[in-house]
Amino acid sequence: GQVRAEGLTANQLSATLTQQLRAYLVDPVVNIGVVVQRPVVVTVSGEVHRPGPIQLTGLSNSDGAAFDINDFEASSTSSQVLSSQSVLPTLSSAVLLAGGVTTDADIRRVMVRRPVAGGREEILTLNLWETITANAGTADIELRDGDSIFIPELTGDAIDRRLVAASSLAPSTVRVKVVGEVVRPGEVAVPPNSSIS
């Protein structure tokens with residue numbers, strides 16, 4: 001028959017099935033594991049290089065092992081999808097998938113809008129600047145399906161833009177146009193904070 005699995009952990013569902021199978025078996029052994037978790041879709045807007053919906057897949061496995069968020073590739077579709085590698089559904093991984101923050105980003109006031117029960121919205125405001133400058137660990141939060149991330153534009157010079165460009169929230173390369181009396185004029189990809197030479 002059918003067994004409702006919603007809201008149960010793998011261990012709770014295993015215990016429920018074991019109890020129900022005892023009517024048919026002497027000592028039933030039930031093993032439950034999560035093969036694929038539902039993807040988390042979030043929207044990133046504001047001062048990022050590729051704003052839009054982001055789909056984070058392969059969040060974690062049933063035994064809670066962590067995954068590395070380095071060296072991922074984003075597809076060229078309008079919704080960024082990671083199918084071959086696993087990414088934790090965190091604020092920083094979503095920002096990186098959106099191409100990283102721009103030089104005009106105010107990372108002191110990153111807002112996460114989260115739908116909650118009853119049709120209401122919860123608004124979380126995070127200061128990622130303190131995380132970069134104080135070495136105080138991470139202000140990263142785990143994202144939920146339907147979250148919206150907004151990174152506002154920087155007003156004034158309260159943030160060292162060079163430090164932001166060198167942080168893990170910035171893109172790994174920036175494109176620069178070189179013109180004039182050079183051997184190969186055109187666009188080149190260089191790491192942020194590179195020198196003119």
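Below is a summary of the structure that appears in this document. Here the structure is a predicted model, which is why all the values come from computation and not from measurement.

### Re the overall build of the protein
Each helix and strand in the protein was counted, giving 4 helices and 8 strands. Its helices and strands in sequence order give the protein the pattern α-β-β-β-α-β-β-α-β-α-β-β, from N to C terminus. A burial count over the protein gives 27% of its 197 residues as buried. The long-range share in the protein, meaning contacts at least 24 apart out of those at least 6 apart in sequence, stands at 56%.

### Description of the side chain of glutamate 47
Inspection of the secondary structure assignment puts glutamate 47 in the loop between β1 (40-46) and β2 (52-56). Classification of glutamate 47 as buried rests on a relative accessible area of 19%. One polar contact links glutamate 47 to threonine 102, side chain to side chain, over a distance of 2.8 Å. Setting aside residues up to four positions removed in sequence, glutamate 47 forms contacts with Gly100, Val101, Thr102, Asp104, Ala105, Ile151, Pro152 and Glu153.

### Comments concerning a nonpolar patch on the surface
A grouping of Leu21, Tyr24 and Leu25 is seen on the molecular surface, where their side chains present a nonpolar patch of about 340 Å² in accessible area. Looking at the secondary structure, you find tyrosine 24 in the loop between α1 (10-21) and β1. Overall, the relative accessible area of 70% leaves tyrosine 24 in the exposed class.

### A closer look at α1
With 12 residues, α1 should cover 16 Å at 1.5 Å per step; its first-to-last C-alpha distance of 16 Å lies within 8% of that length. Every buried residue of α1 is listed here: Leu13, Ser14 and Thr18. Projected down its long axis, α1 shows its buried positions confined to an angular sector of 135 degrees, all on one face.

### So, the nonpolar core
Nonpolar side chains in soluble globular proteins tend to end up buried together. Counting residues in each nonpolar core, the largest one holds 27 residues, and the members touching the most others are Leu91, Val101, Ile107, Ile149 and Ile151. Those elements giving two or more residues to this core turn out to be β1, β2, α2 (91-97), β4 (110-116), α3 (128-134) and β6 (148-151). By residue number, the principal contributor to this core is α2, which donates 4 residues. The residues contacting isoleucine 151, other than those within four sequence positions of it, are Ser45, Gly46, Glu47, Val48, Val95, Val101, Ala105, Asp106 and Val110.

Procedures and definitions
- Residues numbered from 1 in each chain as written.
- Predicted model: local features only at pLDDT ≥ 70, side-chain atom pairs only at ≥ 80, totals over all residues.
- Heavy atoms only, no water.
- Helix = DSSP H or I, 4+ residues; strand = E, 2+ residues; numbered from the N terminus.
- Buried < 20%, exposed > 50% of the residue type's maximum accessible area, 1.4 Å probe, protein only.
- Contact = heavy atoms within 4.5 Å.
- Polar contact = N/O pair within 3.5 Å; in protein donor to acceptor, adjacent residues only side chain to side chain.
- Patch = residues over 30% accessible without salt bridge, like charges linked within 9 Å, V, L, I, M, F, W, Y side chains within 5 Å.
- Areas by Shrake-Rupley, 256 points an atom, 1.4 Å probe, with all protein chains shown as cover.
- Salt bridge = Lys/Arg side-chain N within 4 Å of Asp/Glu carboxyl O.
- Expected span 1.5 Å × (residues − 1).
- Arc of directions from axis to C-beta.
- Core = buried A, V, L, I, M, F, W, Y, C linked by side-chain atoms within 4.5 Å.

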